[in-house]
Amino acid sequence: IEPFRFEEFGDLKIFLQLPDEELLEYTSTSPQVESDNFCESVRSSLLYIKRHNWEEVFGRNCDKPMIYARTSTQGANTWVLLQNL
């Protein structure tokens, strides 16, 4: 993942409190075909933005990419952080 700056936005808390149907409507470009865990994933991402800042993730100068690899563990595909340069 190439470094980028992110920060909490004003309505983040509101998005976290929305019922699944509304969160899906506001955050998806194709709500009729999203997976069952879409809203859970969006909330997880929003919480990450709320709890962390870009300097923690990508370094003070925003110049440290993160490198992941996909692995298969017990039949489930997952991403594993290989390197945070």
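Residues numbered from 1 in each chain as written. Predicted model: local features only at pLDDT ≥ 70, side-chain atom pairs only at ≥ 80, totals over all residues. Heavy atoms only, no water.

1. Topic: the side chain of Arg43
How we decide: Under the DSSP-based scheme used, a helix requires at least four consecutive residues in state H or I and a strand at least two consecutive residues in state E, with every element numbered from the N terminus. Categorising residues by exposure relies on relative accessible area from a 1.4 Å probe, with only protein chains included: less than 20% of the type maximum marks a residue as buried, more than 50% marks it as exposed, and the intermediate range marks it as partly exposed. Polar contacts here mean pairs of N or O atoms no more than 3.5 Å apart (in protein, one a potential hydrogen donor and the other a potential acceptor; neighbouring residues in sequence count only if both atoms are side-chain atoms). Pairs of residues are marked as contacts when any of their non-hydrogen atoms sit within 4.5 Å.
With respect to the helices, strands and loops of the structure, Arg43 is situated in helix H3 (residues 38–51). What makes Arg43 buried here is its relative accessible area of 19%. Within the local environment of Arg43, its side chain forms a polar contact with the backbone oxygen of Leu18, the two atoms lying 2.5 Å apart. Setting aside its immediate chain neighbours within four residues, Arg43 contacts Leu16, Leu18, Pro19, Asp20 and Leu23.

2. Comments concerning the pattern of salt bridges
We apply this condition: By definition, a salt bridge exists where a carboxyl oxygen of Asp or Glu is found within 4 Å of a side-chain nitrogen of Lys or Arg.
Using the criterion set out here, one finds two salt bridges in the structure. Ionic pairing is found between Lys50 and Glu8, a salt bridge with its closest N-O pair at 4.0 Å. Here Lys50 is found in helix H3, whereas its partner Glu8 is found in the segment before helix H1 (12–17), with 42 residues between them in sequence. Note that Arg43 is salt-bridged to Asp20, the shortest N-O span being 2.7 Å. Remark: Asp20 occurs in helix H2 (residues 20–27) and Arg43 occurs in helix H3; sequence separation between them is 23 residues. Overall, the relative accessible area of 40% leaves Asp20 in the partly exposed class.

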